Structures are given as structure tokens and as C-alpha cells.
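Structural description and commentary
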Amino acid sequence: MSFSDHLRKLAKPVWDAQLTHPFVVALGEGILPERKFKYYILQDARFLGDLARVFAAAAQKAFHHRARMNSLASAGRYSTDAERQAIAA
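Residues numbered from 1 in each chain as written. Predicted model: local features only at pLDDT ≥ 70, side-chain atom pairs only at ≥ 80, totals over all residues. Heavy atoms only, no water.

Details of helix α1 (residues 3-19)
With 17 residues, α1 extends 23 Å from end C-alpha to end C-alpha; this agrees with the ideal 24 Å at 1.5 Å per step. Largest kink in α1: about 55 degrees, centred on A11, with the proline P13 one to four residues after it. (Helix = DSSP H or I, 4+ residues; strand = E, 2+ residues; numbered from the N terminus. Expected span 1.5 Å × (residues − 1). Bend = angle between axes of the 7 residues up to and from the residue.)

Remarks on the packing of aromatic side chains
Applying the stated criterion across every chain yields a total of two aromatic pairs. Considering the side-chain rings of F37 and Y40, the 6.4 Å spacing of their centres and the 40 degrees angle between planes classify their relative orientation as tilted. Of this pair, F37 and Y40 are both found in helix α3 (residues 34-61), three residues apart, which corresponds to roughly one turn of the helix. Look at Y40 and you get partly exposed, because its relative accessible area is 36%. Here the aromatic cluster, defined as three or more aromatic residues joined through ring pairs, consists of F23, F37 and Y40. (Phe/Tyr/Trp six-rings, centres within 6.5 Å; stacked < 30°, edge-to-face > 60°. Buried < 20%, exposed > 50% of the residue type's maximum accessible area, 1.4 Å probe, protein only.)

Quick word on the pattern of salt bridges
Taken as a whole and assessed by the stated rule, the structure comprises four salt bridges. A salt bridge links R53 to D50; the shortest N-O distance between them is 2.3 Å. On the criterion of helical spacing, the pair formed by R53 and D50 is a turn pair, its members being three residues apart in helix α3. Here D50 falls in the partly exposed class, since its relative accessible area comes to 42%. (Salt bridge = Lys/Arg side-chain N within 4 Å of Asp/Glu carboxyl O.)

Considerations on α3
Counted at 1.5 Å a residue, the expected span for α3 with its 28 residues is 40 Å, and the 41 Å between its end C-alpha atoms agrees. The complete set of buried residues in α3 reads I41, D44, L48, F55 and A59.

Everything listed here is a matter of geometry and, on its own, says nothing about what the molecule does.
Pasting the structure below:
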């Protein structure tokens, strides 16, 4: 068994629980109350803002590795841009 397969096997109960969580099921079925969806989007936006700051801090610490820095900066921009587009849609 590969290392990845081993990790998938260990994570399967958690993965399955996420897919059957009432929030995820209601979202997928289109019956999630708007109030809960708005709260989720606001929390997700906060998370992505923090994630962008983490990427920026990591990029700053890796200043002597330009390729790594550019990659981290791009990942941060991509994350926040994707979220903004999702909110605007």
C-alpha cells in the first residue's frame, strides 16, 4: 500500500462524515437557509483573508527563493480572487 493510500484509508471516516454533514447536504440540495449560507460565506472570506496573510508572511520569509515567493504570492492572490468572484456571482 502506498503512503497516499494509507493516508486516504486513515482519513476515510472523516472524509465520509464531511460529505454527509447536514450543512453540506442542504447546500448540495439547494435547501440551505440563506442566513446560514451568508454566515458561511462571511466566515470563509475571513479565513481566506487570514490565509492570504499567511502566504504573504511565508513569501516574505522566503525572499531569497524568488520562485517560491512568487508561487506563494500567486496562491494567495488566486485564493482571494476566487472567493471574491464567488461572492459577486
